Each structure stands twice: as structure tokens, then as C-alpha cells.
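Inside the fold
So you can see what is in the structure, the chains are spelled out below.
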Amino acid sequence: MTHEIAVIPGDGIGQEVTPAAVEVLEALEIDFEFVEADAGDAVKEETGEALPQETYDLAASADATLFGAAGETAADVILPLRTAVDSFVNVRPAKAYPGIDAVRPETDLIFLRENTEGVYAGHEDRLTQDVSTLTRVVTESASERLAEFACDYVAGDDHDGFSIVHKANVMRETDGLFRDTVKSVADENGVETDQVLMDAFATRVCLDPEQFDVVVCPNLAGDVLSDLAAGLVGGLGLLPSANIGPDRALFEPVHGTAPDIAGEGIANPAATIVSAAMLLEYLGHDAESDAVHEAVEGTLEDGPRTPDLGGDASTEDMTEAIIDRL
Ligand code: NAI
Ligand code: MG
């Protein structure tokens, strides 16, 4: 069976790291059909649109999408692309790698972040010169869908359970509904959970990240806390992510276009290559996914490494070293 993969490099180093990840996928014995499409600042300058309809349609029909990064138009590109794949959960691993400088080298976390609602549902108003408001949306259905995903995730990947991170002591209705719904789905599935207030979580994860494993949170909390965890493992340059929908999914590095180094051929391809490893797992190629993870880990440990990791290798050197290990 051929998998159709939409490849959307975008701007800046997206143009460098996305082809590197495609090279890694091409090195595997899997039948992929890659279809490339434009999005971001450059295509907006040409056509007036940051996300051309054909790019949206491609993401909405491909089996999976690999996205690089977009510049100033990032929000105009990535939010609709997540809608195109109907993504309800953002999976963000934050894992420290051997040989890489990390604040907390023992960190190994998976954030499962609600990806459609909360304060990012888009209901903001400017009522008067003095007052602006925001409506926070939490639904039972979205919380259930996330919780069901989390239960399958912990069962499939051999985790003991998950932590529900929330602030239901203050946001009683919205986070109360979130917490109670997620907890009851977990109970029905026999999955163990614990509950942590999001502010306390921020402190505890800095002091001792090993007390946590899989973390399930509402949209904004997941955004902020997973970036905090990124700081614990050595910055955004190594972090992958997956936006999962019911029938398709989009994979992207957490970092942006890195305008300070774009065009120099020295961007670190690891985050995008690990995102491609998540794509492999999503499509059911678990052995190949593990092999790519191991090849990246080995390369990060032994080199060659790009300058952001203290080395002097190019994107191509590092990509080739990863492919050689495969
Ligand atoms: P950034 O992630 O692009 O860069 C932050 C710092 O990390 C820079 O010093 C950069 O050189 C370094 N860096 C990031 N990824 C790297 C890699 N793979 N290899 C080596 N070094 C790397 O974030 P910044 O500077 O806040 O944003 C730059 C542009 O990217 C902005 O226009 C922003 O809108 C966009 N952006 C897009 C995102 C997306 O498309 N998902 C996400 C974040 C930012
Ligand atoms: Mg963020």
C-alpha cells in the first residue's frame, strides 16, 4: 500500500530540514508518494495567500503531512492545517538525549494537549476602549475524545497511566468539566490517573521531572507547559510534535523558521526527522520508527552535530550520518 505524504516545507530552515526528513523516509523500504506544496511568507508574497487552497486540500486528503515551519504567517498556516487534518490532540514528547546539554537530563515526558478549544477557540472581543474579554470553551465531547486517545496511548506504549493537569479549583466549570470527563473515561478504561494543578505542575516538573510520564492537559496549559519542558531538555531545536486527527495527521518540529541561520545549511534536522519517526509510527511502521529514533539518538550522542549543539556539521552531514546508521 502506498502512503501519500503531503510535504510542506514552508519558510526559512523549513526548506532545509523538511527535505532532510524526506531523505530519511526515502531511505526506508516503504512505499511513499511525496507530494510537495507551498505555504508561508514566501508564497503569500507571490500570491497574497499564506495557505493556498490546494495546500489545504492536499493536507486534508493525504494520509499524513510533514510540515516544516512558516515565518510571520505561522498562525495563518498552522491553525488551518491542523483543522485540515481535524486534529484534536497535539502530541509533544519532551525527552532529553544522551550527550546533549540539558537542565534536567532525566526528563522523559509526553504531553497530550487538547488541540481545538480552551482559550484558543477564537472567541475574543474588544468590548470598550477599556475592556476586552475572552470566552473559554471546554466541551465534554472534545475532552472525551482526548481522554480516549490518552487511554489508547498509554496502553499501546506501555505507560502506567497519565496525569491530568488542570486548574479546576479556579475555573470550576470549564476545567471542572475537563477534569471530570477525562477522569471518568480513564476509570471506564481501567487506566490509572493522578491530578495535578497546572501551577503546581510547573514547579514540580522543574524540580523533579521523573515524577511525571504522560501528561494530559487543556490547550493553553499544554502549550505553555510543554514549552517549559522543552527548556528542561535543552531547547526547542530537538523537539518533534504530532497533530493527530481521526483519519489523518500532521507532523512538525516545534521550532520555527530560525531566520538567524536560514540559508546557511547548518540547521539541526533532528526535530523534523524525529517528527518523521512519529509519522512512521502513526502509519503503523513501528520497527522503522524505532530505527529512526535510534539512529537520531546515536548521532546526537556520537556526532556529527550541527552548530546549535556545539558541533560544526552541516544539515546534510548530520542527515547522512543518521541515514548511515539506518
Ligand atoms: P525559532 O524556533 O525559529 O528560533 C529560535 C532560536 O532557535 C533561533 O536562534 C534559531 O536559530 C534556533 N533554532 C530553532 N530551530 C533550530 C534548528 N532546527 N537548528 C538550529 N537552530 C535552531 O523561533 P523564533 O525565532 O521565535 O521565530 C522565528 C520565526 O519562526 C517567526 O517568524 C515565527 O513566527 C516562526 N515560528 C513558526 C513556527 C511554526 O511554523 N510552527 C513555530 C515557531 C515560530
Ligand atoms: Mg507554543
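Residue positions within a chain follow its written sequence, with the count starting from 1. Chain letters and ligand numbers both follow the written order, the letters beginning at A and the numbers at 1. For this predicted model, a pLDDT threshold of at least 70 governs which residues receive local features, and a threshold of 80 or more governs which side-chain atom pairs are given and counted, while totals over whole chains, interfaces and linings are taken from all residues. Note that the side-chain values use all heavy atoms of the structure and ignore hydrogens as well as water.

What follows deals with the pattern of salt bridges. Think of a salt bridge as a Lys or Arg side-chain nitrogen and an Asp or Glu carboxyl oxygen that are within 4 Å of each other. Under the definition given, this model contains 10 salt bridges. Residue Asp180 pairs with Arg179 through a salt bridge whose shortest N-O separation is 3.0 Å. Residue Asp180 is classed as partly exposed on the basis of its relative accessible area, which comes to 45%. Only protein chains enter the area calculation, which uses a 1.4 Å probe; residues under 20% of their type maximum are buried, those over 50% are exposed, and those in between are partly exposed. Note on Arg179: relative accessible area 23%, which makes it partly exposed.

As a further point, take a negative patch on the surface. A cluster of acidic residues, Asp157, Asp158, Asp160, Glu192, Asp194, Glu281, Asp286, Asp290 and Glu294, forms a negative patch at the surface. To qualify as a helix, a DSSP run of H or I must reach at least 4 residues; to qualify as a strand, a run of E must reach at least 2; elements of each kind are numbered from the N terminus. No other element matches helix H10 (residues 286-302), which puts 3 residues into the negative patch. By secondary structure assignment, the location of Glu192 is in strand E9 (residues 192-197). When its relative accessible area of 61% is taken as the criterion, Glu192 is described as exposed. Candidates for patches are residues over 30% relative accessible area with no salt bridge; among them, like charges are joined within 9 Å and nonpolar side chains (Val, Leu, Ile, Met, Phe, Trp, Tyr) within 5 Å. Here, Shrake-Rupley sampling with a 1.4 Å probe gives the accessible areas, and only protein chains in the shown set may cover a residue. When charges are counted, neither His nor the chain ends are considered; positive counts come from Lys and Arg and negative counts from Asp and Glu. By convention, the charge on Lys lies at NZ, on Arg at CZ, on Asp at CG and on Glu at CD.

Each domain of the chain was delimited in the assignment, giving domain 1 (1-93 + 239-325) and domain 2 (103-233). On a C-alpha basis, the centres of domain 1 and domain 2 stand 25 Å from each other. Contacts between domain 1 and domain 2 engage 13 residues on the former and 16 residues on the latter. Summed over both partners, buried area is the accessible surface (1.4 Å probe) that two parts give up on being assembled. Summing both partners gives a buried area of about 1300 Å² for domain 1 against domain 2, and 54% of it is carried by carbon and sulfur. Its largest share of buried area at the contact with domain 2, domain 1 owes to Phe88, Asn90 and Arg92, together 50% of the area lost on that side. One can count 1 salt bridge joining domain 1 with domain 2. Between Arg92 and Asp227 there is a salt bridge, with the nearest N and O atoms lying 2.8 Å from each other. N or O atoms within 3.5 Å of each other form a polar contact, as long as, within protein, one can give a hydrogen and the other can take it, and as long as residues adjacent in sequence are counted only when both atoms are side-chain atoms. Counting the contacts that link domain 1 with domain 2 gives 7 residue pairs in polar contact (both at pLDDT 80 or more). Side-chain classes are defined by residue name, with Ala, Val, Leu, Ile, Met, Phe, Trp, Tyr, Cys and Pro counting as nonpolar, Asp, Glu, Lys and Arg as charged, and the others, Gly among them, as polar. Its residues assigned to classes, the side of domain 1 that touches domain 2 shows 7 nonpolar, 3 polar and 3 charged. For every domain, the bounds stem from an assignment made automatically or drawn from a database. In this description, contact between two residues means that some pair of their heavy atoms is separated by no more than 4.5 Å.

Turning our eyes to something else, we now look at the UniProt feature "domain: Isopropylmalate dehydrogenase-like" (unreviewed entry) in the chain. UniProt positions are given in the numbering used here, feature names are shortened, and annotations may be inferred rather than shown by experiment. The UniProt entry lists residues 4-322 under the feature "domain: Isopropylmalate dehydrogenase-like" (unreviewed entry), expressed in the numbering used here. For residues 4-322, the helix share is 42%, the strand share is 20%, and the end-to-end C-alpha distance is 23 Å.

The grouping of Tyr120, Leu220 and Val224 at the surface amounts to a nonpolar patch, some 270 Å² of accessible area in total. In this structure, Val224 sits in helix H8 (residues 219-233). When its relative accessible area of 48% is taken as the criterion, Val224 is described as partly exposed.

Attention shifts here to the sheet that holds strand E12 (residues 249-253). Ordered by their spatial adjacency, 10 strands build an open sheet running E2-E1-E3-E12-E11-E4-E5-E10-E8-E9, and the pairing between neighbours is mixed. Across the chains shown, the open sheet's two edge strands, defined by having one partner strand only, are strand E2 (32-36) and E9. On average, adjacent strands in this sheet sit at an angle of 25° to one another, irrespective of strand direction. Two strands make a pair as long as DSSP finds a minimum of two bridges between them. Of the pairings in the sheet, the one linking strand E1 (residues 3-10) to E2 comprises 5 bridges and is parallel in character. Bridge pairing in E2 links His3 to Phe32. Only C-alpha atoms enter the line fits that serve as axes; for helices the fit covers just the stretch in contact. Angles between N-to-C directions range over 0 to 180 degrees. Where helix H1 (residues 14-26) meets the sheet, its contacts fall on E1, E2 and strand E3 (64-69), and the angle it forms with E3 comes to roughly 145°. Lying over the sheet, H8 contacts strand E4 (89-95), strand E5 (108-114), strand E8 (161-166) and strand E10 (214-217), oriented at roughly 160° with respect to E5.

This part covers unusual backbone geometry. The linkage connecting Gly303 with the following residue, Pro304, adopts the cis geometry, with an omega of 0°. Positionally, Pro304 belongs in the loop between H10 and helix H11 (315-325). Positive phi, close to 55°, is recorded for Asp86, a residue that is not glycine. When you line up the elements, Asp86 lands in the loop between helix H4 (74-84) and E4. Asp86 sits in the partly exposed class, given a relative accessible area of 39%.

If a single non-hydrogen atom of a residue is within 4 Å of a molecule or strand, that residue counts as near it. The full set close to ligand 1 counts 19 residues, and Gly71, Gly256, Ala258, Asp260 and Asn268 are the nearest of them. One nitrogen or oxygen atom from the main chain of Ala70 is found 2.9 Å from an oxygen atom belonging to ligand 1. Here an oxygen atom of ligand 1 sits 2.9 Å away from a polar atom, N or O, in the main chain of Gly71. Within the complex, the protein chains bury 67% of what would otherwise be the 800 Å² of accessible surface of ligand 1. Looking at the shell around ligand 1, its residues break down into 10 nonpolar, 5 polar and 4 charged.

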